[in-house]
Amino acid sequence: MEVTKAICVLKGTGAVTGSIHLKAGEGGHSTIIMGEIYGLTPGKHGLHVHTFGDISKGCGSTGPHFNPCNETHGAPQDKKRHVGDLGNIEADENGTARFEIVDRLLRLAGKHAIIGRTMVVNDKEDDLGKGTDEESRETGNHGPGVAWGIIGVDEDPK
Ligand code: ZN
């Protein structure tokens, strides 16, 4: 089965909820990520795909950022980045973030496939690997997750 659509329903231990829809871009050269997240603190929050789909201990058991190419942490537009690095999303004064990201590395199928892995929204802003400490190049100092969900297959488009 060729997966061309996916969904991720987000929940955490607090008030943050949301959902993210993903679909394969034209010609399979990109992935489009559309989300609506509620209950955030206003401002920027990191968004990443973590390696594992194990949410038995919340986002704490989902492993590091999905990194099949063994790179350092970065911004989505950087050459060196984790495949799972989606940068930041921004919540408005009501705590709602609506976004559409076109990403060139994430895929729903193949070596960079993210189906069965976990999407995590963070408490804080991702410094995109630009900080001076070691943690910056690993996670971007984005703090704990406030909502997470496993990325699953969604309906066939036909
Ligand atoms: Zn990363």
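Analysis parameters
- Residues numbered from 1 in each chain as written.
- Predicted model: local features only at pLDDT ≥ 70, side-chain atom pairs only at ≥ 80, totals over all residues.
- Heavy atoms only, no water.
- Donors = N, O, S within 2.8 Å, 3.2 Å for Na, K, Ca; no water.
- Tetrahedral: all angles 85-135°; square planar, octahedral: opposite > 155°, others 65-115°.
- Pairing = 2+ DSSP bridges.
- Helix = DSSP H or I, 4+ residues; strand = E, 2+ residues; numbered from the N terminus.
- Axes fitted to C-alpha atoms, helices over the stretch in contact; angles between N-to-C directions.

A. Seen up close, the coordination of the zinc ion. Of the protein atoms, only H65 (ND1), H73 (ND1), H82 (ND1) and D85 (OD) coordinate the zinc ion, at distances of 2.0 to 2.1 Å. Geometry at the zinc ion is tetrahedral, judged from the four donor atoms that bind it and their angles of 102 to 121 degrees at the metal. Within one chain, the residues serving as donors to the zinc ion are arranged as H-x7-H-x8-H-x2-D.

B. Seen up close, the sheet that holds strand β1 (residues 5-11). The sheet built from eight strands is open, its strands ordered β6-β4-β8-β9-β1-β2-β3-β7 with antiparallel pairing. Edge strands, defined here as strands with exactly one partner in the open sheet, are β6 (85-91) and β7 (97-103). The sheet shows a mean angle of 20 degrees between the axes of neighbouring strands, direction not considered. Pairing between strand β2 (residues 17-24) and strand β3 (residues 31-38): eight bridges, direction antiparallel.

Shape descriptors only; they carry no functional weight alone.
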